[in-house]
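Here is how the chains run, residue by residue.
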Amino acid sequence: MAVDKAFFDEMEAHIPGGKVRTRFAPSPTGYMHVGNLRTALYTWLIARHAGGTFILRIEDTDQVRLVAGATDVIYKTMAECGLNHDEGPDVGGPAGPYIQSERRDLYGKYAELLVEKGFAYRCFCGKDEDESQEVAEGVKVKKHHCGCPNLSCSEIQAKLDAGAPYVVRQKIPREGTTTFHDVTFGDITVENDTLDDQVLIKSDGLPTYNFANVVDDHLMGITHVVRGSEYLSSAPKYNLLYEAFGWEIPTYVHCAPVMRDAHNKMSKRHGDPSYEDLIAQGYLTTAVLNYVALLGWAPKGELSEQEIFSLDQLVDAFDIAGISKSPAIFDIAKLDYFNATYLRALAPEEFSKIAEPYIRKSVQNPSIDAAAVAALLQARCEKLTEIPEKVDFFDVLPDYDVEFYVNKKSKTDKAVSKGMLSVAIPVLEALPAWDTDSIHDALIDLAEKLAVKNATLMWPVRIAAAGKLVTPGGAVEICRILGRDETLRRLKHGLSLLG
């Protein structure tokens, strides 16, 4: 079958160029895991730092693993994270289509070109036929051996005329070596004889990932390819494909894996969180992005000690030379620290807005001011999902142990607490106004008159008002939010518990 030279010339003529072009090319197979989000972020940052173009491409050739709605998850995640794309299925662009299944006819033509040039062959063997397990450096590697590369033209045509199914395989040279360069790992050389004749086009006519991504990256003018280090072993075969076509090889940036611990990669199967899980667990997108950026990358120079970066600051600071070849450990405690930092940095009105839905999960009483509760929480929570449990006492006074009134630091026991509540109740009943300053001043004056530490009075008032040992905010703030009637009702209840 003769190849159409005019077709390939036309394709080459329309390849965009002239600046940095990167792509994020996820498969729509479910959730966005942390490693995938990091790849998207680094790819986006490379393009934005260089004033280049960022492309979103959907790689859906593995039809068996496709998950309904997964493409929408990709769009939603990218939008929430602010990783806007310049070209893609939804916005178009000069190198479309941007969905691999819509480019199906392209791959067959390029596979035929490789066959014509002698760098690929039609393989009529069964799926597992003539495959052997070979040991290379102690690791078993499945390699394909068959006589299909040696079939004559007439033998091939006879099989095609008979409708025999076939795949197209890359024809790897059996001698010599292949060297490729990676920004992170440097130059890597492999013996060609250790490489397998990988499948390029499957029997259903769809390309494998290993072939489609090479063709698409070239035709879309991709200059930098960011992917996980698990693809390092495939890079020599990619190089051989680029060289077979006579194409320029892009800059490879392989990233070491994100690990759960020193021995295990993160995995949804083992309960490790996806991006969506982290947001559902009460983390802010900005905090997640900041933390993920530092999972395997570190700023250089005067920024080397900086940890908190906005997305714009990451664009300015990002340099691919800062990507580490060592695996990164996903530390949830470190993410908690980042999230708490971001929560505290929010404007009070913004924090109140995002906290209110969590407050209302446990505080149903409309007379309780959610904004006032939020003001107590902002400096006291690491995750939004902690909020309902922290503030549920505003709605209903929990049953609590009378031993809560005993506190050595505040110099209180049950007898002291009974005395404090008995004098605090009439003072609070007599207040002309129920506001923070009035409550505060009245209780401080009372402690002074009683010649006790402020804490000796405040502790039993807070315990009676909240019924909890740990609360966001002190006695004054809690009483003010509860209102006069509810505060007095609770203090009298506490007094009754104390006998």
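A short tour of the structure in this document, coming up.

### Considerations on the nonpolar core
Part 1 of the argument: If you look at the biggest cluster of nonpolar residues, it comprises 100 residues, and the most contacted ones within it are Leu 37, Phe 330, Phe 351, Ile 359, Ile 387 and Phe 394.
Part 2 of the argument: No other element matches the nine residues that helix α2 (residues 34-49) contributes to this core.
Part 3 of the argument: Sequence-distant contacts of Ile 387, defined by excluding residues within four places in its chain, comprise Phe 351, Ala 355, Tyr 358, Ile 359, Leu 377 and Cys 381.
Part 4 of the argument: Tyr 107, Val 214, Ile 222 and Leu 241 belong to the second-largest nonpolar core, a separate cluster that totals 34 residues.

### Here's the deal with the pattern of salt bridges
Part 1 of the argument: A complete count under the given rule lists 19 salt bridges for this structure.
Part 2 of the argument: Between Asp 216 and Arg 57 there is a salt bridge; the shortest N-O distance is 3.9 Å. One end of the pair, Asp 216, is in helix α6 (residues 209-219); the other, Arg 57, is in the loop between β2 (53-56) and α3 (70-81), with 159 residues separating them in the sequence.
Part 3 of the argument: When salt bridges that share partners are traced, they join Arg 23, Arg 57, Glu 59, Arg 103, Asp 216 and Asp 217 into one network.

### Regarding the packing of aromatic side chains
Part 1 of the argument: Using the criterion set out here, one finds 20 aromatic pairs in the structure.
Part 2 of the argument: Ring plane angle 80 degrees and centroid distance 5.7 Å describe the contact between Tyr 110 and Phe 245, whose orientation is recorded as edge-to-face. Residue Tyr 110 is located in helix α4 (residues 104-117), and its partner Phe 245 is located in helix α7 (residues 235-245); the two are separated by 135 residues in the primary sequence. A single burial state applies to Tyr 110 and to Phe 245, both of which are buried.
Part 3 of the argument: Each ring, one from Tyr 400 and one from Phe 404, has its centre 6.2 Å from the other, and the planes form 20 degrees; the classification is stacked.
Part 4 of the argument: Residue classification places Tyr 400 among the buried residues on the basis of a relative accessible area of 13%.
Part 5 of the argument: Three or more aromatic residues joined by ring pairs make a cluster, and in this case those are Phe 7, Phe 8, Tyr 110, Phe 211, Tyr 242, Phe 245 and Trp 247.
Part 6 of the argument: Here the basic side chain of Lys 159 rests over the ring of Phe 124, its NZ or CZ set 5.6 Å away from the ring centre.
Part 7 of the argument: For the cation-ring pair, Arg 462 lies above Trp 459, with the distance from its terminal atom to the ring centre recorded as 4.8 Å.

### What to know about the pairing of strand β10 (residues 224-228)
Part 1 of the argument: Of all five residues in β10, five are buried, a share of seventy percent or more.
Part 2 of the argument: One ladder, built from five bridges, connects β10 with strand β11 (residues 251-255); its direction is parallel. Looking at the pairing, His 224 lines up with Thr 251 of β11.
Part 3 of the argument: The parallel pair β10 and β11, bridged by α7, forms a crossover whose chirality is right-handed.

Basis of the calculations
Residues numbered from 1 in each chain as written. Predicted model: local features only at pLDDT ≥ 70, side-chain atom pairs only at ≥ 80, totals over all residues. Heavy atoms only, no water. Core = buried A, V, L, I, M, F, W, Y, C linked by side-chain atoms within 4.5 Å. Buried < 20%, exposed > 50% of the residue type's maximum accessible area, 1.4 Å probe, protein only. Helix = DSSP H or I, 4+ residues; strand = E, 2+ residues; numbered from the N terminus. Contact = heavy atoms within 4.5 Å. Salt bridge = Lys/Arg side-chain N within 4 Å of Asp/Glu carboxyl O. Phe/Tyr/Trp six-rings, centres within 6.5 Å; stacked < 30°, edge-to-face > 60°. Lys NZ or Arg CZ within 6 Å of the ring centre and 35° of its normal. Pairing = 2+ DSSP bridges. Right-handed = clockwise from strand over helix to strand, strands pointing away.

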